[in-house]
Amino acid sequence: MIKAPKDADARRAVKPVICYPVETLPAPNLDLYQSARKGAVKVSEVLAAPREAACFRASAGQFFRISSVEGPQVGDLNLWNANDLSERFYSGKSRALHGTHLTTGERMWSSFPQLRPMATIIADTLDWYGIDEFGGSVHDVIGTRCDPYTHNLLSGGQYHHCCHSNLTRALAVELGISTAEAEPHVHDVLNVFMCTGFTRDTGQYFMKSSPVRVGDYLEFFAEIDLLGALSACPGGDCSSEHSSDGAACYPLLIEVFEPAAGALEGWQSPALSGYCGTHG
Ligand SMILES: [Zn+2]
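The rules behind these values
Residues numbered from 1 in each chain as written. Predicted model: local features only at pLDDT ≥ 70, side-chain atom pairs only at ≥ 80, totals over all residues. Helix = DSSP H or I, 4+ residues; strand = E, 2+ residues; numbered from the N terminus. Rg over C-alpha atoms; globule rule 2.2 N^0.38 Å. Buried ≥ 20, exposed ≤ 12 C-beta atoms within 10 Å, placed from the backbone. Contact = placed C-beta atoms within 7 Å. Core = buried A, V, L, I, M, F, W, Y, C linked by C-beta atoms within 7 Å. Pairing = 2+ DSSP bridges. Axes fitted to C-alpha atoms, helices over the stretch in contact; angles between N-to-C directions. Arc of directions from axis to C-beta.

**As for the overall build of the protein chain**
- Counting its secondary structure elements, the protein chain contains six helices and 13 strands.
- Taking 19 Å as the expected radius of gyration for a compact globule of 280 residues, we find that the protein chain reaches 20 Å, a close match to that expectation.
- Judged by the C-alpha coordinates and their principal axes, the protein chain covers about 65 × 45 × 40 Å.
- Of all 280 residues assigned to the protein chain, the portion counted as buried reaches 41%.
- A separation of at least 24 residues holds for 73% of the contacts in the protein chain among residues at least 6 apart in sequence.

**A word on the nonpolar core**
- Among the nonpolar cores identified, the biggest contains 60 residues, and A222 and L230 are the most heavily contacted of them.
- The residues contacting A222, other than those within four sequence positions of it, are A58, S59, A60, G61, Q62, F63, F64 and A119.

**Quick notes on the sheet that holds strand 6 (residues 107–109)**
- Strand order in this open sheet of six strands is 1-13-3-11-7-6, and the pairing throughout is antiparallel. Two strands close off the open sheet at either side, each with one partner strand: strand 1 (41–48) and strand 6. Across the sheet, the axes of successive neighbouring strands diverge by a mean angle of 25 degrees, strand direction being ignored.
- Bridge count between strand 6 and strand 7 (residues 117–124): three bridges; the pairing is antiparallel. In the strand pairing of strand 7, R107 is matched with T120.
- Seen against the sheet, helix 2 (residues 30–38) touches strand 3 (63–68), strand 7, strand 11 (217–222) and strand 13 (252–258) and runs at an angle of roughly 70 degrees to strand 7.

**Description of the pairing of strand 5 (residues 84–88)**
- Looking at chain direction, strand 4 (residues 75–81) and strand 5 are connected through two bridges and run antiparallel. Bridge pairing in strand 5 links N81 to D84.
- Hairpin connection from strand 4 to strand 5: two residues lie between these consecutive antiparallel strands.

**A closer look at helix 3 (residues 91–98)**
- Considered for burial, the residues of helix 3 that qualify are S91, S94 and H98. With its buried residues spanning 65 degrees around the axis, helix 3 presents them on a single face.
- Of the residues trailing helix 3, G99 is marked for its positive phi of about 105 degrees.

**Focus on unusual backbone geometry**
- In this model, F112 is joined to P113 through a cis peptide bond whose omega is 0 degrees.
- The topology assignment puts P113 in the loop between strand 6 and strand 7.
- Despite not being glycine, R51 shows a phi value in the positive range, around 60 degrees.
- Inspection of the secondary structure puts R51 in the loop between strand 1 and strand 2 (53–58).
- A tally of 22 C-beta atoms within 10 Å means that R51 is categorised as buried.

**Digging into the environment of G266**
- With respect to the element layout, G266 can be found in the segment after strand 13.
- Using a count of 6 C-beta atoms within 10 Å as the deciding quantity, one classes G266 as exposed.
- For G266 and G99, which are 167 residues apart along the polypeptide, the C-alpha to C-alpha distance reads 29 Å.

**What about the environment of F193?**
- Mapping F193 onto the fold places it in strand 9 (residues 190–198).
- Here F193 falls in the buried class, since 28 other C-beta atoms lie within 10 Å of it.
- The spatial distance from the C-alpha of F193 to the C-alpha of V212 is 6.1 Å, given a sequence separation of 19 residues.

**Concerning the environment of L25**
- One can find L25 in the loop between helix 1 (8–12) and helix 2.
- With 14 C-beta atoms packed within 10 Å, L25 lands in the partly exposed category.
- Note: C-alpha distance between L25 and H139 (114 residues apart in sequence) is 21 Å.

As structure tokens, this is what we get:
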């Protein structure tokens, strides 16, 4: 360990600066979305079985809701532009813009070069949770997704129901392609209902038993045509372990709703990034 310099305390005492002040971030019209949601009717639903994933589609201007239906369960969510899979959820930039965990009014942003809102959270029944004494909160964009490669690295063995594999299989079935073709499209997730943080002493990623209960939901407005995939994580409520069949695991329900005609008057699907793309 290097010996600390004489002014170490002074250097540590420098106040942080927010990297991305959000004052200039285009704000969603939540009032419009929430009033349009009131008159919306359900057009489809699908259940992600325990330790499996399910795909769903929501057109621009529709809503989708993810619900806990049988027991405490976390879900790993991937989103793609339904018309161009190269545009997909960008967990890192969403984290940089909104912080470690997402809630009502915050957005799932897409990758470069599009960088636009894919979905806006309009309701979160766990928004009361806030940040607990361990630094934990709900719906994170700091984790990745449980995967068989890291599992093999740390524990050996072959486990096929990590979220990464579940999402890969579900996408392959949805698109009628092989798992080898589907796998490169799977990306870092929004960890729906998962309660996570970083330990203060070692900075390690931690998880703890999710506060989600049957009936809780997270609801989104689809800003563009979306193909989504949701995995019911083998970790269940993620109170102890993942990447095994050891935890109690429950399904997650995804429902899609269509607003009444004219209910979104004034709303437009977000444009592509305004950057010219030449890189100078
Ligand atoms: Zn998982």
